[in-house]
Amino acid sequence: MSLLEVKDLRTTFFTPAGEVKAVDGVSFNLDRGRVLGIVGESGSGKSVTAYSILQILSYPGRIVGGSVKLDGDELVGASDEKMRSIRGNKISIIFQDPMTSLTPVYTIGNQLMEAILLHTNRTKEQAKARAIEMLSLVGISEPERRIKQYPFELSGGMRQRAMIAMALACEPDILIADEPTTALDVTIQAQIIDLMLDLQKKLGMAIIMITHDLGVIAQICDEVIVMYGGRVVERGTAQEIFYRPRHEYTKGLLHSIPNIDSDQREKLIPIGGTPIDMLNMPAGCAFAPRCDRAMKICLKEHPKEYWVGKDHLSSCWRNVETGVEQGLIETDSEGNITKIDLERAVQEQ
Amino acid sequence: MSEIENNIPFTPDPDHILEVRNLKEYFDITTGFLKTTKLKAVDDVSFFIKKGETLGMVGESGCGKTTVGRTLLYLYKPTAGEVWFDGKKIDPKDKAGLAAFRRRAQLVFQDPYSSLNPRMTVGDIVAEPIDVHHLCATRKERNDRVMELLSTVGLSSEQSTRYAHEFSGGQRQRIGIARALASDPDFIVCDEPVSALDVSIQAQVINMLEELQDKLSLTYLFIAHDLSVVKHISDRIAVMYLGKIVELAETNELHRHPLHPYTISLLSAVPIPDPDRARASHRIVIEGDIPSPLHMPSGCSFRTRCPRATEKCAECRPEFVEVEKGHYVACHNL
C-alpha cells in the first residue's frame, strides 16, 4: 500500500460564469521517501490538486468525487476536526510566495510554535526549543534572534527557509511544495532545493513538488506527473518522461525550452495556439486544439490512460494507435468497442 | 574609466548603435527622520551595443538591470554618465533631440497585465506612439498602420477594438511589442518580456522577437533572469551584480569560460532539464543572500559571498577590464 493514494480526484469551481473542472480525474500514488513532481502550465490544475488533498480549497471550489487515501485512511468526506489533525502534522505545505503566506503581524517564532503547540503535547518552552532547532536545521543563522523577528525583516530566501522549518516542525509524512522556488533567484533557488533534498534524506518524508520549471523537476523528482487542462496527460519516472515522452504536450513542452548547452542558436519549437479556457473545455483531449498531430478522434473523445512502458502511463490517442499495432492494449468485454473507435481514428486521420 | 574625468574627447564607434558610459543612477531613500541614504541602483556601468545585435543582461532581482534599461532611455534622469545613440550624445535639455531618440528607442515591459491601460482599446494602445510622435497625417493612415502592426505580431485586425483584459498573457505581450514597434524604432529594450509567460507561450514570443529582429533590423537589449532564455537570444551577455556589470562577453565564450566567480556560480545554479545530467553534475552553490544595496560591502560587492575573496577585495573595487578580446571582467582573483 502506498503512503498516499489519489484516485479519480475531481474538484470543480462553481463560478457564476459556469462550472470550472479544475481537477478532472487525477490519480496517482506516492510512496514513502519518494519525490513526485507535478508539472504543467498555469491553470492546469496542479495547485488545486494539492489544495484538494489538504482540503484547503477556497470558495466556490469543492471536491466532487474521487478518493484520497493517506495510509489507507480516506480523507475525502472526513470531518473538519480530522483534517485539522492532518494538516501541518501528517501533510504539510509550503507556498510559492513566502511573503504573503506568513502573517506580517506575528514573529517567526510565534508562527513556528503555533503548529508545534497544536499538534504535539510540548509545553511552550519545549516548543520554543523545537522552533530554534528547526530554524538551525534549515540553515538560518542566529536562530535565537530570528525567532523574535517579523517576516519583513527576513530576505526572500530566509522566509522560504522559515516556511520550510514551519512545515517540517511536526515531522510530516508528506511535504507538498507548491512552486517553492518560483519567486526566488537562481542562486537562492539552488540553495533551497539542496536544503529540501538534504532534509528529505535526514527526515525521510515524501515530497510532492509542484512547479512549471522542468529543470527543477529533472533535478529532484523520482516520478513526474504532467498535467494539462485539469487532467493528468502523462505520468512515469523522471527518466521515462524526459527521455521517452509519449504525449504530444510533454514533447512540445520539452521542445519549447531553450537548451543552455547548445552553442548553436536553434530555433525554438513553440506549442501553437493559446492556453485553454477552462470554461469552454473541448469535448475530446484538452490539448487537441493546440496539437499538431491531432486526429479527428482527439477532438471527439477523451483518450484513456494506457501503459506505454514499464512505469509509464500516457493519455494520448497516438499511443493507443501504436498500442494496437503492438498489441499492448488489453481487450476486455468492452474492448471491441475501443478497437472500432481506434480503427475509425486511424481512418479519419 | 576615467576618460570623462580627464576630458578626453570621445568618438563613438560607428558600428555601435548605443554607447553607455559610466552611467550612474542613485535613488534617495528615506531611512529616518530627515535622513536619506543613497541607493546605488546602477553604479558606474559602461557598455556598448552593436547595430543589429542582441545584448543580454542577466542578474538576480535587485541587481539594477531594469534600472539600467530605463535610465539609458532617459525614463529616469541619470545621476551621472552619458548615453550616446547612433553617434550622438543624448542631451536631456535638447527636447527635440530627446523626442527623436525616444521615437527610435522603445521599451517592452515585463508585466503584460499592468503595462496596458485597461480603459483603452488595443488599437489605441498600439497607436499611442504614432499619436505622440505625429507619425501619421490622416486617420486612415493611422488605422492602416495599426492593422499592419497587429498582423506583424500575429493578432487579427478585428481585435483592435477590444480591451486588454480580453486577451491572454501571451497575446498581451504581443500587444506590448506592437506598441513598441509603432514608432518604427531601431533599438528596443526588452525588459523581461517572457518571464510572466508559460513555457509553451514563451517560445512563441521569443521566436517572434527573433523574426522581427531579422525583418526590421532591430537591436535589442534583452534583460532577463532566465539564463537559458538569454543564452538562446543573445549575441553577447552582460552579468550584473548589485548595480555593476561584473562580466561581459560573447555568449558562447561566457558559457564556456566564465571567469567571474559570480558568473560561474550563476551558470552552475541553472537547473538542467535532463534528469541524468542534472544529478551527475556538480553544482557550486554560493552561500548567503544578496546584501542590501543600502549597505553595500566595501571594495568588491560580491566579496561577502565569494569563495575566492581575499583582503584586497575588501579594500578596493576591482576594475572592469578586457582580459581577452571582447571579454570584460571585474575581479581581483582571476
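Rules and cut-offs
Residues numbered from 1 in each chain as written. Chains lettered and ligands numbered in written order. Predicted model: local features only at pLDDT ≥ 70, side-chain atom pairs only at ≥ 80, totals over all residues. Helix = DSSP H or I, 4+ residues; strand = E, 2+ residues; numbered from the N terminus. Buried ≥ 20, exposed ≤ 12 C-beta atoms within 10 Å, placed from the backbone. Contact = placed C-beta atoms within 7 Å. Pairing = 2+ DSSP bridges. Right-handed = clockwise from strand over helix to strand, strands pointing away. Nonpolar A, V, L, I, M, F, W, Y, C, P; charged D, E, K, R; others polar. Axes fitted to C-alpha atoms, helices over the stretch in contact; angles between N-to-C directions. Left-handed = near helix turned anticlockwise from the far one by under 90°.

Within chain B, the secondary structure is distributed over 12 helices and 12 strands. Oriented by its inertia axes, the alpha-carbon framework of chain B measures out at about 65 × 55 × 50 Å. A burial count over chain B gives 43% of its 334 residues as buried. Contacts in chain B between residues at least 24 apart in sequence constitute 63% of all its contacts with a sequence separation of at least 6.

What follows covers the pairing of strand β7 (residues 174–178) of chain A. Residue and element names in this part refer to chain A. Within β7, five of the five residues are buried, which leaves the element mostly enclosed by the surrounding structure. As paired elements, strand β6 (residues 91–94) and β7 share four bridges and run parallel to each other. Note on β7: the bridge partner recorded for S92 is L175. A crossover connection joins β7 to the parallel strand β8 (residues 206–211) through helix α7 (residues 186–203); in handedness this β-α-β unit is right-handed.

Here the focus is the interface of chain A and chain B. Across the contact, 37 residues belong to chain A and 34 residues belong to chain B. The set of elements that each furnish at least two residues to the side of chain A that touches chain B consists of α6 (156–168), α7, α8 (214–220), α9 (238–243) and α10 (248–255) of chain A. Looking at the side of chain A that touches chain B, the element that brings in the most residues is α7 of chain A, giving six residues. For the side of chain A that touches chain B, the residue count by class is 17 nonpolar, 13 polar and seven charged.

Within the element layout of this structure, I271 of chain A appears in the loop between α10 and α11 (296–300). Measuring from C-alpha to C-alpha, the distance between I271 of chain A and C291 of chain A comes to 7.7 Å, with 20 residues separating the pair along the chain. Excluding its chain neighbours within four sequence positions, the residues that come into contact with I271 of chain A are G252, S256 and R290 of chain A together with S200 of chain B.

All names here are of chain A. Where helix α3 (residues 108–119) contacts helix α4 (residues 124–137), the two axes come as close as 9 Å, and the packing angle between them is 115°. Between α3 and α4 the crossing geometry is right-handed. Counted together, G109, L112, M113, I116 and L117 of α3 and A127, K128, R130, A131 and M134 of α4 form the full contact between these two elements. Class assignment for the residues of the contact of α3 with α4 results in seven nonpolar, one polar and two charged.

Residue and element names in this part refer to chain B. Two strands pair when backbone bridges link them, and strand β1 (residues 16–32) and strand β2 (residues 35–50) are joined in this way by 13 bridges, in the antiparallel orientation. Counterpart to H16 in the pairing with β2 is K50. Counted along the chain from β1 to the antiparallel partner β2, the turn is two residues long, and its residue L34 has a positive phi close to 55°. As paired strands, β1 and strand β4 (residues 80–85) are joined by five bridges and run antiparallel to one another. Bridged to R21 within β4 is E82.

Attention shifts here to the environment of L135 of chain B. Residues and elements named next belong to chain B. Within the secondary structure layout, L135 lies in the loop between α4 (122–132) and α5 (139–152). By the C-beta count within 10 Å, which is 16 here, L135 ends up partly exposed. Distance in space between the C-alpha atoms of L135 and I272 is 46 Å, their sequence separation being 137 residues. Discounting chain neighbours no more than four positions away, the residues touching L135 are I130 and S183.

This part takes up unusual backbone geometry. The omega angle of the peptide bond from Y59 of chain A to P60 of chain A is 0°, so this bond is cis rather than trans. Along the polypeptide, P60 of chain A turns up in the loop between α1 (46–54) and β4 (61–70).

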